[in-house]
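Residue-level structure breakdown
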Amino acid sequence: NAMEGTRERCIAAGMDEYLSKPIKRASLRAMLTQFFPVVETSPRLSTAPTADEDSLELSVLDEEALDELHTLETPGGFSLREVMTLFISESERFVGEMRELLAERQDEELQRSAHTFKANGRDLGALRLAAVCQQIEDRAREGQIDGVDALIDEVEREAAHVCDLLKDHRYMQG
């Protein structure tokens with residue numbers, strides 16, 4: 001949330017630092033290195049795109065996104081495995097929440113839930129999942145929720161596929 005004054009309120013509330021969305025990997029890396037020592041054994045993150053966006057949108061899971069996040073890991077600090085585990089454990093809750101909010105016609109809350117799940121998926125490289133969540137978010141914002149149930153079905157299928165891939169991913173192994 002890049003609203004004016006948000007950073008100041010967060011710092012005043014006791015946070016050590018604040019990073020506004022959308023999170024850029026280079027900014028996250030800089031923030032993490034401020035608080036955790038970095039062992040320079042992995043390559044630096046590139047801020048330039050490495051593959052064309054259209055081909056990435058066709059993949060269920062962008063391996064390059066996971067590889068870049070893996071380079072941010074620090075002992076006792078950021079853990080990609082923990083982030084992946086959290087995504088897996090929270091996916092069903094997000095899908096259920098979106099279904100409930102749709103049934104209750106709570107457009108604003110549905111928009112917020114879809115936005116959060118979109119960001120979580122996108123951060124892990126689940127670009128197709130993020131794209132469908134974006135459609136739900138847009139429709140909820142516009143109050144056009146007819147047909148959103150089919151989109152939530154698609155999110156559920158895509159999330160299950162992403163979770164299966166994450167469970168077996170090399171970064172989840174010991």
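Keep in mind it's a predicted model, so treat the numbers as computed, not measured.

Attention shifts here to the nonpolar core. Counting residues in each nonpolar core, the largest one holds 36 residues, and the members touching the most others are Leu110, Phe117, Ile136, Val155 and Leu166. Looking at this core, the elements that each hand over two or more residues are helix H4 (63-70), helix H5 (80-103), helix H6 (107-123), helix H7 (127-142) and helix H8 (148-167). Not counting chain neighbours up to four residues away, the residues in contact with Phe117 comprise Phe87, Ser91, Phe94, Val95, Met98, Leu129, Cys133, Val155 and Ala159.

Right, let's talk about the pattern of salt bridges for a bit. One pass over the structure, following the stated rule, counts 12 salt bridges. Measuring nitrogen to oxygen at the nearest pair gives 3.1 Å for the salt bridge that ties Arg141 to Asp138. Of the two residues, Arg141 and Asp138 are both situated in helix H7; the distance of 3 residues between them amounts to about one turn of the helix. Owing to a relative accessible area of 43%, Arg141 belongs among the partly exposed residues under this scheme. Salt bridges linked by common partners bring Lys118, Glu137, Asp138 and Arg141 together as one network.

Between H5 and H6, whose axes approach to 9 Å, the crossing angle comes to 155°. In terms of axis orientation, H5 runs roughly antiparallel to H6. Here the hand of the crossing between H5 and H6 comes out left-handed. For the pair formed by H5 and H6, the contact residues are Phe87, Ser91, Phe94, Val95, Glu97, Met98, Leu101 and Leu102 on the first element and Glu109, Leu110, Ser113, Ala114, Thr116, Phe117, Asn120 and Gly121 on the second. Split by residue class, the contact of H5 with H6 holds 9 nonpolar, 5 polar and 2 charged.

Rules used throughout
Residues numbered from 1 in each chain as written. Predicted model: local features only at pLDDT ≥ 70, side-chain atom pairs only at ≥ 80, totals over all residues. Heavy atoms only, no water. Core = buried A, V, L, I, M, F, W, Y, C linked by side-chain atoms within 4.5 Å. Buried < 20%, exposed > 50% of the residue type's maximum accessible area, 1.4 Å probe, protein only. Helix = DSSP H or I, 4+ residues; strand = E, 2+ residues; numbered from the N terminus. Contact = heavy atoms within 4.5 Å. Salt bridge = Lys/Arg side-chain N within 4 Å of Asp/Glu carboxyl O. Axes fitted to C-alpha atoms, helices over the stretch in contact; angles between N-to-C directions. Parallel < 35°, antiparallel > 145°, perpendicular 65-115°, else oblique. Left-handed = near helix turned anticlockwise from the far one by under 90°. Nonpolar A, V, L, I, M, F, W, Y, C, P; charged D, E, K, R; others polar.

Functional significance is not addressed by these values, which are geometric in nature.
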